[in-house]
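The residues making up each chain are set out below.
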Amino acid sequence: MRKMRTQSAPWRAAAVLASVLLVGSVAACGNSDTGDGGTKDDGKITMGFSQVGAESGWRTANTTSIKDAATAAGIELKFDDAQQKQENQIKAIRNYIQQKVDVIAFSPVVESGWDTVLKEAKDAGIPVILTDRSVDSADKSLYKTFLGSDFVKEGRLAGEWLVEQKKTASGPVNIVELQGTTGAAPANDRKKGFAEAIATNPNLKVIASQTGDFTRAGGKQVMEQFLKANPKIDVLFAHNDDMGLGALEAITAAGKVPGKDITIITVDAVKDGMQALADGKFNFIAECSPLLGPQLMDLAKKVHAGEEVPVRIETEETTFTSEQAKEALPNRKY
Ligand code: GYE
């Protein structure tokens with residue numbers, strides 16, 4: 001697993017404050033033998049986990065990490081794949097509440113619309129851990145902690161690299177953007193970070209931006225439309241590797257050379273993306289680590305024991321150029 005770090009002082013202060021405020025609800029999280037199908041208090045922690053779906057290589061690696069880590073930690077995992085639908089996630093969370101699991105963890109497909117179901121979990125005394133993606137709930141007491149990446153930073157790193165590459169460009173640089181799932185935190189935040197970074201050079205312009213739903217098929221289809229509608233595309237920024245990989249097919253079919261005629265920047269750094277980068281088809285990747293399982297299980301144990309946890313735990317990440325991808329590929333686990 002990659003090294004993780006906890007957040008800086010303000011986060012820790014917030015964590016302390018939150019834990020003081022929440023001490024009552026943490027104490028209520030242990031289960032007893034309910035006699036109605038609920039979990040027995042046999043010392044074993046049961047976690048209900050609602051996963052976004054299976055839309056990308058990142059997601060597959062994330063699911064494997066969570067399942068493996070649960071087994072290693074001796075945590076009983078109830079797992080549900082929501083197929084990228086919020087309604088399925090809400091249903092799964094309600095099921096977990098009914099089953100009286102010890103901890104609920106989930107990766108919210110979109111940011112908004114979670115207050116009601118999170119309140120239901122809180123009222124049932126079941127602690128919730130957000131992993132990978134966050135929610136926009138104003139009431140931070142609805143969940144214990146959020147473990148995941150800084151998506152704004154990933155977008156910014158992608159944008160800053162491009163600014164550096166194009167600093168001598170004398171004319172307009174036309175950028176197209178493949179966004180992740182509409183309303184998802186990584187789509188909103190990567191777009192924001194990238195836009196902020198490229199704003200420093202007025203030559204850099206996003207001429208088209210649409211969702212490809214984080215999938216290869218979506219990336220291919222939307223890139224085809226971009227290519228038809230825009231005779232001059234200099235750069236593609238895809239919010240994940242999979243959409244970038246789908247776009248490669250569209251670019252090649254249009255008679256252009258990916259990585260040369262069109263500079264391609266993506267996020268994630270899964271194996272297939274890193275291979276494309278090493279092959280010179282992609283030009284730059286901002287890493288997003290999916291290996292959240294071990295730390296999630298650790299947090300579940302702590303939260304279940306009523307221990308204090310930081311309200312935000314950020315994943316540590318890096319970036320890759322083609323040369324760096326060549327070096328890193330042989331040891332890449334996912
Ligand atoms: O970048 C993408 C996946 O939420 C960070 O979801 C995750 C994103 C990841 O589908 O590939």
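Criteria and cut-off values
Residues numbered from 1 in each chain as written. Predicted model: local features only at pLDDT ≥ 70, side-chain atom pairs only at ≥ 80, totals over all residues. Heavy atoms only, no water. Helix = DSSP H or I, 4+ residues; strand = E, 2+ residues; numbered from the N terminus. Buried < 20%, exposed > 50% of the residue type's maximum accessible area, 1.4 Å probe, protein only. Contact = heavy atoms within 4.5 Å. Areas by Shrake-Rupley, 256 points an atom, 1.4 Å probe, with all protein chains shown as cover. Near = heavy atom within 4 Å. Polar contact = N/O pair within 3.5 Å; in protein donor to acceptor, adjacent residues only side chain to side chain. Phe/Tyr/Trp six-rings, centres within 6.5 Å; stacked < 30°, edge-to-face > 60°. Lys NZ or Arg CZ within 6 Å of the ring centre and 35° of its normal. pLDDT = per-residue confidence, 0-100. Arc of directions from axis to C-beta. Pairing = 2+ DSSP bridges. Axes fitted to C-alpha atoms, helices over the stretch in contact; angles between N-to-C directions. Parallel < 35°, antiparallel > 145°, perpendicular 65-115°, else oblique. Nonpolar A, V, L, I, M, F, W, Y, C, P; charged D, E, K, R; others polar. Right-handed = clockwise from strand over helix to strand, strands pointing away.

### Considerations on the overall build of the chain
Part 1 of the argument: What the chain contains, in helices and strands, is eleven helices and 13 strands.
Part 2 of the argument: Classification of the 334 residues of the chain by burial places 54% in the buried group.
Part 3 of the argument: In the chain, the share of contacts with a sequence separation of at least 24, taken over all contacts with a separation of at least 6, comes to 75%.
Part 4 of the argument: Carbon and sulfur atoms make up 51% of the accessible area of the chain, which totals about 14200 Å².

### Considerations on the site of the ligand
Part 1 of the argument: Glu-55, Asp-132, Arg-133, Arg-190 and Asp-268 are the nearest of the 13 residues found near the ligand.
Part 2 of the argument: Here an oxygen atom of the ligand and a side-chain polar atom of Ser-56 are 3.0 Å apart.
Part 3 of the argument: Asp-132 is positioned with one of its side-chain polar atoms (N or O) 2.8 Å from an oxygen atom of the ligand.
Part 4 of the argument: Mapped by element, the contributors of at least two residues to the shell around the ligand are helix 2 (57–73) and helix 6 (185–198).

### Let's talk about the packing of aromatic side chains
Part 1 of the argument: Counted under the stated rule, the structure contains four aromatic pairs.
Part 2 of the argument: Between the aromatic rings of Phe-49 and Phe-79, the centroid separation amounts to 5.9 Å while the plane-to-plane angle is 15 degrees, which identifies the pairing as stacked. Taken together, the residues Phe-49 in strand 2 (residues 46–51) and Phe-79 in strand 3 (residues 76–81) connect sequence positions 30 residues apart.
Part 3 of the argument: A relative accessible area of 0% places Phe-49 in the buried class.
Part 4 of the argument: On the accessibility criterion, Phe-79 (28% relative accessible area) is partly exposed.
Part 5 of the argument: Over the ring of Phe-79 we find Lys-67, and its NZ or CZ is 4.4 Å from the ring centre.

### A word on the confidence of the model for the chain
Part 1 of the argument: Averaged over the chain, the pLDDT score is 90; the fraction of residues at 70 or greater is 87%.
Part 2 of the argument: Mean pLDDT values over the elements of the chain span from 38, in helix 1 (residues 9–27), up to 99, in strand 9 (residues 235–238).
Part 3 of the argument: Taken as a whole, residues 1–40 scores under 50 in pLDDT and shows 66 contacts with residues more than four places along the chain or in a different chain.

### Some words on helix 4 (residues 115–123)
Note that an α-helix has 3.6 residues per turn; residues three or four places apart therefore point the same way.
Part 1 of the argument: Looking only at helix 4, the buried set comprises Val-117, Leu-118 and Ala-121. Viewed along the axis of helix 4, the buried residues span an arc of 100 degrees, placing them on a single side of the element. More than 90 degrees from the buried face of helix 4, the exposed residues found are Thr-116 and Asp-123.
Part 2 of the argument: Looking one or two residues beyond helix 4, the residue adopting positive phi is Gly-125, at roughly 75 degrees.

### Here we look at the sheet that holds strand 7 (residues 173–179)
Part 1 of the argument: Pairing is mixed in the open sheet, where six strands are placed in the order 8-7-9-10-11-13. Here the strands that pair on one side only, and so sit at the sheet edges, are strand 8 (204–211) and strand 13 (319–321). Taking each pair of neighbouring strands and ignoring which way they run, the sheet shows an average axis angle of 15 degrees.
Part 2 of the argument: Where helix 9 (residues 271–278) meets the sheet, its contacts fall on strand 11 (284–287) and strand 13, and the angle it forms with strand 11 comes to roughly 150 degrees.

### What to know about the environment of Arg-216
Part 1 of the argument: You can see Arg-216 is positioned in helix 7 (residues 216–229).
Part 2 of the argument: Separated by 24 residues in sequence, Arg-216 and Asn-240 have C-alpha atoms that sit 9.4 Å apart.
Part 3 of the argument: Beyond its immediate stretch of four places on either side in the chain, Arg-216 contacts Asp-242, Leu-245, Gly-246 and Asp-272.
Part 4 of the argument: Here the side chain of Arg-216 touches Asp-242 through a polar contact of 3.0 Å, side chain to side chain.

### Quick word on the packing of helix 3 (residues 86–98) against helix 4
Part 1 of the argument: Between helix 3 and helix 4, the least distance of the axes is 10 Å, while the angle of their chain directions is 10 degrees. Looking at the two axes, helix 3 sits roughly parallel to helix 4. Packed against helix 3, whose contacting residues are Ile-90, Ile-93, Arg-94 and Ile-97, the element helix 4 presents Thr-116, Val-117, Glu-120 and Ala-121 at the interface.
Part 2 of the argument: Broken down by class, the residue content of the contact of helix 3 with helix 4 amounts to five nonpolar, one polar and two charged.

### Concerning the pairing of strand 9
Part 1 of the argument: Of the two faces of strand 9, both are covered, the one formed by Val-235 and Phe-237 as well as the one formed by Leu-236 and Ala-238.
Part 2 of the argument: Judged from the four bridges that link them, strand 7 and strand 9 form a sheet pairing that is parallel. What sits directly across from Glu-177, in strand 9, is Phe-237.
Part 3 of the argument: Inspection of the sheet shows strand 9 paired to strand 10 (residues 263–268) by three bridges, in the parallel sense. Note on strand 10: the bridge partner recorded for Phe-237 is Ile-265.
Part 4 of the argument: Between the parallel pair strand 9 and strand 10, the chain is carried across by helix 8 (residues 241–253), and the sense of this crossover is right-handed.

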